[in-house]
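Per-entry structural report
Chain by chain, the residues:
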Amino acid sequence: MPQWLEAGLWGLVGGGALVLGAAVAWRVPVSRGVVAGIMAFGAGVLISALAFDLVDEAEKSGGLLPTVLGFLGGAGMYVLANVVLARRGARHRKRSGDQQSAEAQTQGSGAAIAVGALLDGVPESVVLGLSLLGGGGVGMGVLVAVFISNVPEGLSSAAGMKRAGRGARYVFGVWGGIALASGLAALLGNLLLRDASPETIAVITAVAAGAILTMIADTMIPEAFERSGVYTGLIATVGFLTAFTVERLGG
């Protein structure tokens, strides 16, 4: 199988976890406390992955300066894009409660939520595609982190969409589209950056890591803390250790 095609399939697997989470939320009445706990666990998993699989590897391969610049750039770009989307009704796109705007309340909020979901998912998928460039197979730590964190993201956001009155066609259209876009992002990341310099790879990896960390702090942790309260840190710690253990055993 061509490596670029394998990258696309792994990106699709990671993005498919969003659809899985949305399906659970749509069919099963999951309590917001359970959603919050899973969200906290997923946040810890992602933090571990970006620390040990992304930023560390970027610095080792491309140097400290490209990594620092990329990391800050990714965070800044995510914040700017999120500010625009928040003004259009997508501020609470990952919330499971009544915070999401209905289309009747904020015109265009449905499209903004869809674009916001794409903004959250693409950086992770690009990194999956890049992880194959070394020839050693997909980065299992990153893949596990993306999959585990995407399930509660899809679950929480779909629950909020349902509460806001959005139908199944919209909800599963959004997450199905994001899953396909994730596969495409991983495929293109692998295909277009195959001959890129280590410094370029480091910058792009760090950009993705900065965007992911900003997303965790801005959307995942608030949703988790709202219901898990003082247990959020402990649950996130367990998630961090789980991903760290997978990364070490896999290495």
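Residues numbered from 1 in each chain as written. Predicted model: local features only at pLDDT ≥ 70, side-chain atom pairs only at ≥ 80, totals over all residues. Heavy atoms only, no water.

1. Thoughts on the layout of surface pockets
- Considering only enclosed or pocket space, the second largest pocket measures out at about 180 Å³ in volume.
- Surrounding the second largest pocket, twelve residues form its lining, Ala25, Pro29, Val30, Ala159 and Arg163 being those nearest its centre.
- Mapped by element, the contributors of at least two residues to the lining of the second largest pocket are α2 (32–62) and α5 (140–163).
- Sorting elements by how many residues they give to the lining of the second largest pocket places α5 first, with four residues.
- Of the residues that constitute the lining of the second largest pocket, the class distribution is seven nonpolar, two polar and three charged. (1 Å grid on protein atoms, 1.4 Å probe; cavity = no way out; pocket = protein on both sides within 12 Å on 5 of 7 lines; lining within 4 Å. Points joined across faces, edges and corners; volume = space filled by probe spheres on them. Helix = DSSP H or I, 4+ residues; strand = E, 2+ residues; numbered from the N terminus. Nonpolar A, V, L, I, M, F, W, Y, C, P; charged D, E, K, R; others polar.)

2. Concerning the nonpolar core
- In this structure, Leu46, Leu50, Leu54, Val142, Ile212, Ile216 and Met220 are the most contacted members of the largest nonpolar core, which totals 27 residues.
- Looking at this core, the elements with two or more residues in it are α2, α4 (109–131), α5 and α7 (198–228).
- Excluding its chain neighbours within four sequence positions, the residues that come into contact with Ile216 are Ala43, Leu46, Ile47, Leu50, Ile221 and Pro222.
- Core analysis: the second largest hydrophobic core is formed by 13 residues, Ala22, Ala25, Leu155 and Ala158 among them. (Core = buried A, V, L, I, M, F, W, Y, C linked by side-chain atoms within 4.5 Å. Buried < 20%, exposed > 50% of the residue type's maximum accessible area, 1.4 Å probe, protein only. Contact = heavy atoms within 4.5 Å.)

3. Quick word on a nonpolar patch on the surface
- Together, Met1, Trp4, Leu5, Leu9, Leu12, Leu180, Leu184, Leu188, Leu191 and Leu192 make up an exposed nonpolar region whose accessible area comes to about 950 Å².
- Along the chain, Leu188 turns up in helix α6 (residues 168–192). (Patch = residues over 30% accessible without salt bridge, like charges linked within 9 Å, V, L, I, M, F, W, Y side chains within 5 Å. Areas by Shrake-Rupley, 256 points an atom, 1.4 Å probe, with all protein chains shown as cover. Salt bridge = Lys/Arg side-chain N within 4 Å of Asp/Glu carboxyl O.)

4. Thoughts on the UniProt feature "transmembrane region" (unreviewed entry) in the protein
- When the UniProt feature table is mapped onto this chain numbering, "transmembrane region" (unreviewed entry) sits at residues 7–26, 33–52, 64–85, 126–148, 168–193, 200–217 and 229–246.
- End-to-end, the C-alpha atoms of residues 200–217 are 26 Å apart, and along that stretch the chain is 100% helix and 0% strand.
- Across residues 229–246 one finds 83% helix and 0% strand; the C-alpha atoms that close the span lie 27 Å apart. (UniProt positions renumbered as here; feature names shortened; annotations may be inferred.)

5. Points about empty space enclosed by the protein
- Counted by the stated rule, this structure contains two cavities of 30 Å³ or more.
- The space that makes up the second largest cavity amounts to roughly 50 Å³.
- What lines the second largest cavity is simply Leu46, Ala49, Leu50, Leu54, Glu124, Val127, Val142, Ala145, Val146 and Ile212.
- Of all the secondary-structure elements, those providing two or more residues to the lining of the second largest cavity are α2, α4 and α5.
- Here the lining of the second largest cavity is built from residues that sort into nine nonpolar, no polar and one charged.

6. Some details on the packing of α2 against α5
- Where α2 contacts α5, the axes come no closer than 8 Å and their chain directions differ by 145°. The handedness of the crossing between α2 and α5 comes out as left-handed. For the pair formed by α2 and α5, the contact residues are Arg32, Val35, Ile38, Met39, Phe41, Gly42, Val45, Leu46, Ala49, Asp53 and Leu54 on the first element and Gly141, Val142, Val144, Ala145, Val146, Ile148, Ser149, Pro152, Glu153, Leu155, Ser156 and Arg163 on the second.
- Its residues placed into classes, the contact of α2 with α5 shows 15 nonpolar, four polar and four charged. (Axes fitted to C-alpha atoms, helices over the stretch in contact; angles between N-to-C directions. Left-handed = near helix turned anticlockwise from the far one by under 90°.)

7. With respect to the pattern of salt bridges
- A complete count under the given rule lists one salt bridge for this structure.
- Of the charged contacts, one joins Asp56 and Lys60 as a salt bridge, the two residues approaching to 3.1 Å between their closest N and O atoms. Within this pair, Asp56 and its partner Lys60 are both found in helix α2, separated by four residues, close to a single helical turn.
- A relative accessible area of 28% means that Asp56 is categorised as partly exposed.
- Lys60 gets classed as exposed once you look at its relative accessible area, which sits at 60%.

8. Focus: the environment of Ser48
- Inspection of the secondary structure puts Ser48 in helix α2.
- Take Ser48: its relative accessible area is 2%, and that puts it in the buried class.
- Ignoring anything within four residues of it in the chain, the contact list for Ser48 reads Asp53, Phe240, Ala243 and Phe244.

9. Some details on the packing of aromatic side chains
- Across all of its chains, the model carries three aromatic pairs by this definition.
- For the ring pair Trp26 and Phe172, a centre distance of 6.0 Å and an interplane angle of 75° mean the geometry is edge-to-face. Residue Trp26 is located in helix α1 (residues 3–27), and its partner Phe172 is located in helix α6; the two are separated by 146 residues in the primary sequence.
- Looking at Phe172, the relative accessible area reads 28%, which means it is partly exposed.
- For the pair Phe52 and Phe244, a centre-to-centre distance of 4.9 Å together with 55° between the ring planes defines the contact as tilted. Placement of the pair is Phe52 in helix α2 and Phe244 in helix α8 (residues 232–250), with a sequence separation of 192 residues.
- According to the relative accessible area criterion, Phe52 is partly exposed, its value standing at 25%.
- Ring pairing ties together the aromatic residues Phe52, Phe240 and Phe244, which thus form one cluster. (Phe/Tyr/Trp six-rings, centres within 6.5 Å; stacked < 30°, edge-to-face > 60°.)

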